[in-house]
Amino acid sequence: MTRALITDPIHDGATDPVLVWNREEATWWCLFVHRRANTKIGGPARIGRCHGSQVAVASSADGGGSWLYRGTLDLPVEPGLNTFWGPDVLCHDGVYHLFVTFIRGVPDDPAWDTHGRPSPWRREVHHLTSADLWKWTHGSRLDLGTDHAVDPYVHPLPEGGFGLWFKDEARGGSIWLAVSPDLDEWKVEGRALADWHEGPAVFTLGGFAWMLAESRSGPAVYRSDDMREWEPRGGLAVPGDVPRQPYVQPFSEDRAHILYYAQTGRDSFGEEVPTAGQASDIRAAELALVGGDLECRTASALRLTGGASAIRRPPAASTSSP
């Protein structure tokens, strides 16, 4: 089992990591979700522990070697205690753009458990902007043709503009693509992956676009020339762990870091939490491109360099398959 990279000192429930370079501080930030794993909830253990979750921040000034917990972000979507899942953030033209799943309030009943089926609780993707990663302005709720959109992930497209991949829980948990010229106006283009997946992470490595997403049998790998047609390339095994909600940060032409959360069932004192199995921390490993496919070779400390490496770039206009 790999060691924890980032732990949650408040709730023992760090999930859904994403990295961003903070140019003002010249530090790396990891945004993650505060799942309330160590909170006792009356009655049967329900989804309340996964709701009421805020987006938290840890920062690193040494390229990912050590991390400092900094607190939570004030995201002005609606008043009150609400639920945020699966943040994604990128910088474009000097502005930070945050896309995040929003659920009103703190639902706590069995109807949450959709696993690809509609429920009474709307899931929405909202867009916020910031000049410094601390103070956020609400832009809009994205119209994605569904009331059950979760896990947004944004990446530049080869032809220009941006793609946003998301899971639609009202349509079997399939992954869909929306496109935008400017990160503000979005249009759903179609389905990207037909089967149940969640937590899509899109990145480029070796001149190709890749998507890594959870499936019912673990992380699934897909490759594409155009970010439209995705070719299955098998699964991804991370030694010693069952990785959840993967995020990938390339650091060379054929190497990348994968961040993910792993469920531990125990808090930072080693004691079983009230909802055993839900305590979690964030870990990292190294991905290598070998013979045209991805392999998880070794557990790895991060080796993050400056802000240029944080820029998400589209795949090369032309590639040759190995």
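As a starting point, this report considers the structure included with it. Every chain's residues receive numbers from 1 upward, in the order its sequence appears when written. Restriction of local features to residues with pLDDT of at least 70 applies here, the model being predicted, together with a cutoff of 80 or more for giving and counting side-chain atom pairs; totals for whole chains, interfaces and linings are based on all residues. For side-chain calculations, the full set of non-hydrogen atoms in the structure is used, while hydrogens and water are omitted.

Moving on, we get to the overall build of the chain. Helix and strand labels come from DSSP, where a helix needs a run of H or I of at least four residues and a strand needs a run of E of at least two; each type is numbered from the N terminus. The helix and strand tally for the chain stands at zero helices and 20 strands. Classification of residues uses two cut-offs on accessible area relative to the type maximum, computed with a 1.4 Å probe and protein chains only: under 20% is buried, over 50% is exposed, and between them is partly exposed. Within the chain, the proportion of its 322 residues that are buried is 56%. All accessibility values rest on the Shrake-Rupley procedure with a 1.4 Å probe; residue burial counts only the protein chains present in the view. Approximately 13,200 Å² of the chain is accessible, and the part contributed by carbon and sulfur atoms is 50%.

Moving on, we get to the sheet that holds strand 4 (residues 68–72). The antiparallel open sheet is built from four strands, whose spatial order is 1-2-3-4. Two strands bound the open sheet, and with one partner strand each, they are strand 1 (14–22) and strand 4. Going from strand to strand, the sheet's axes swing by 25° on average, the running direction of each strand aside. The sheet contact formed by strand 3 (residues 55–60) and strand 4 spans four bridges and is antiparallel. At least two DSSP bridges between two strands are required for those strands to pair. Axis definition: a line fit to C-alpha positions, over the contact stretch in the case of helices; interaxial angles, taken between N-to-C directions, run 0 to 180 degrees.

Let's shift gears to the layout of surface pockets. The computed volume of the second largest pocket comes to approximately 420 Å³. Points on a 1 Å grid over protein atoms alone make up a cavity when a 1.4 Å probe fits among them but cannot get out, and a pocket when they form an open set with protein on both sides within 12 Å along at least five of seven lines; lining residues each have an atom within 4 Å of a point. Lining the second largest pocket are 25 residues, and of these Thr204, Pro250, Ser252, Ile311 and Arg313 lie nearest its centre. Contributions of two or more residues to the lining of the second largest pocket are made by strand 9 (149–156), strand 13 (198–205) and strand 17 (244–250). Grid points are joined across faces, edges and corners, and a volume is the space filled by probe spheres set on the points.

A carboxyl oxygen of Asp or Glu within 4 Å of a side-chain nitrogen of Lys or Arg is what we treat as a salt bridge. Scanning all chains against the criterion turns up 24 salt bridges. A salt bridge links aspartate 147 to arginine 122; the shortest N-O distance between them is 3.4 Å. With aspartate 147 in the loop between strand 8 (136–141) and strand 9 and arginine 122 in the loop between strand 6 (95–103) and strand 7 (124–130), this pair connects stretches of sequence that are 25 residues apart. For aspartate 132, the salt bridge identified is with lysine 135, shortest N-O distance 2.5 Å. Judged by its relative accessible area of 18%, aspartate 132 falls in the buried class. With relative accessibility at 59%, the residue lysine 135 sits in the exposed group. Sharing partners across several salt bridges, the network here consists of Arg123, Lys167, Glu169, Glu198, Glu214 and Arg244.

Within the element layout of this structure, glutamate 214 appears in strand 14 (residues 208–215). Polar contacts, as used here, are pairs of N or O atoms within 3.5 Å; protein pairs need one atom able to donate a hydrogen and one able to accept it. Residues neighboring in sequence count only if both atoms are side-chain atoms. Separated by 2.6 Å, the side chains of glutamate 214 and arginine 244 make a polar contact. Any two residues whose heavy atoms approach within 4.5 Å at even a single point are treated as in contact. Leaving out residues up to four positions away in the same chain, glutamate 214 has contacts with Trp196, His197, Glu198, Pro219, Arg244, Gln245 and Pro246.

The subject of this paragraph is empty space enclosed by the protein. Scanning all chains against the criterion turns up one cavity of 30 Å³ or more. The calculated volume of the largest cavity comes to roughly 110 Å³. For the lining of the largest cavity, the secondary structure elements donating two or more residues are strand 1, strand 5 (83–92), strand 9, strand 13 and strand 17. Each residue is assigned to one of three groups, with Ala, Val, Leu, Ile, Met, Phe, Trp, Tyr, Cys and Pro labelled nonpolar, Asp, Glu, Lys and Arg labelled charged, and all others, Gly among them, labelled polar. Looking at the lining of the largest cavity residue by residue, the class counts come to eight nonpolar, three polar and three charged.

Spatially, the four strands line up as an open sheet ordered 13-14-15-16, and their pairing is antiparallel. Strand pairing shows two members of the sheet lacking a second neighbour, strand 13 and strand 16 (231–235), which therefore form its edges. Taking the axes of each pair of neighbouring strands and ignoring which way they run, one obtains an average angle of 25° across the sheet. Where strand 13 lies against strand 14, six bridges are found, and the strand directions are antiparallel. Following the sheet pairing, valine 202 is matched in strand 14 by methionine 211.

Further remarks concern the pairing of strand 14. Regular strands show a simple pattern: their side chains alternate between the two faces of the sheet. Of all the eight residues making up strand 14, eight are buried; the element is thus mostly covered by neighbouring parts of the structure. By the alternation rule, side chains of strand 14 split into Phe208, Trp210, Leu212 and Glu214 and Ala209, Met211, Ala213 and Ser215, which are all buried. Linking strand 13 to strand 14, which pair antiparallel, is a turn of two residues; within it glycine 206 sits at a positive phi near 60°. Alignment of strand 14 against strand 15 (residues 218–224), held across seven bridges, turns out to be antiparallel. Across the sheet, alanine 209 pairs through a bridge with serine 224, a residue of strand 15.

What follows covers the pairing of strand 16. Both strand 15 and strand 16 contribute to a ladder of three bridges, which runs antiparallel. Counterpart to alanine 220 in the pairing with strand 16 is glycine 235. With antiparallel pairing between neighbouring strands as the criterion, strand 15 and strand 16 make up a hairpin whose turn holds six residues, including methionine 227 at a positive phi of roughly 65°.

As a further point, take the packing of aromatic side chains. Pairing of aromatic rings covers Phe, Tyr and Trp, the last counted by its six-membered ring, and requires centre-to-centre distances within 6.5 Å; plane angles under 30 degrees mean stacked, over 60 mean edge-to-face, and any other angle means tilted. What the rule picks out here adds up to seven aromatic pairs. An angle of 85° between the planes, with centres 5.7 Å apart, marks the rings of phenylalanine 99 and tryptophan 186 as edge-to-face. Here phenylalanine 99 is found in strand 6, whereas its partner tryptophan 186 is found in the loop between strand 11 (174–180) and strand 12 (187–193), with 87 residues between them in sequence. Per residue, the accessibility class of phenylalanine 99 equals that of tryptophan 186, and both read buried. Between tryptophan 165 and tryptophan 230, the aromatic rings sit 6.3 Å apart at their centres with planes inclined by 85°, giving edge-to-face as the arrangement. Taken as a pair, tryptophan 165 in strand 10 (residues 162–168) and tryptophan 230 in the loop between strand 15 and strand 16 lie far apart in primary sequence, 65 residues in all. Note on accessibility: tryptophan 165 and tryptophan 230 belong to one class, buried.

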